Amino acid sequence: MNIETALKEAMTVDGAIGVALVDYESGMALGTLGGGQHLDLELAAAGNTEVVRSKMRTLASLDMNDVIEDILITLGQQYHLIRPLSSSKGSLFLYLALDRSRSNLALARHNLKRVETGLEV
């Protein structure tokens, strides 16, 4: 599926507020959907780029031969789920913001993995 279709698929997750496909080398969002006045997806994409870069550096420093499946940031009212894509898809990650009261975290992780699998970049 293309980027637009992948973002639409991610927004079908219960409680989805917004989603972005981000290049963590440049910090630029390749596509966004949702968001609004309470969630600036462009700003969130740039900020979460730093989170991903930092974790990648930490894994390298620890000489861990492993990959990040996802990074979860838990807020009082939201979950922010960051899923770095497989290296074959470049330096990209999916970022999904969820309303904590309306979402199932395990199901959201499963659905985001499915979106990643179907995404062609």
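An unreviewed UniProt entry annotates the protein as Regulator of Ras-like GTPase activity (Roadblock/LC7/MglB family) originating from Streptomyces ossamyceticus.

Peer 1: Can you tell me about unusual backbone geometry, naming the residues and giving the values?
Peer 2: Phi is positive for D63, close to 55°, though the residue is something other than glycine. Position of D63 relative to the elements: it lies in the loop between α2 (41-61) and β3 (71-74). Classification of D63 by relative accessible area gives exposed; the value is 69%.

Peer 1: I'd love a proper account of the nonpolar core, names of residues and values included.
Peer 2: Formed by 18 residues in total, the largest nonpolar core has its most connected members in L21, L85, L94, L96, L98 and L112. Of all the secondary-structure elements, those providing two or more residues to this core are α1 (3-10), β1 (16-23), β4 (78-84), β5 (92-99) and α3 (105-118). For this core, the element with the highest residue contribution is β5, accounting for four residues. Once residues within four sequence positions are removed from consideration, L21 is found in contact with I3, L7, M28, A29, L30, G31, L85, L92, F93, L94 and L119. Listed in part, the 16 residues of the second largest apolar core include V22, L39, L41 and A97.

Conventions and cut-offs
- Residues numbered from 1 in each chain as written.
- Predicted model: local features only at pLDDT ≥ 70, side-chain atom pairs only at ≥ 80, totals over all residues.
- Heavy atoms only, no water.
- Helix = DSSP H or I, 4+ residues; strand = E, 2+ residues; numbered from the N terminus.
- Buried < 20%, exposed > 50% of the residue type's maximum accessible area, 1.4 Å probe, protein only.
- Core = buried A, V, L, I, M, F, W, Y, C linked by side-chain atoms within 4.5 Å.
- Contact = heavy atoms within 4.5 Å.

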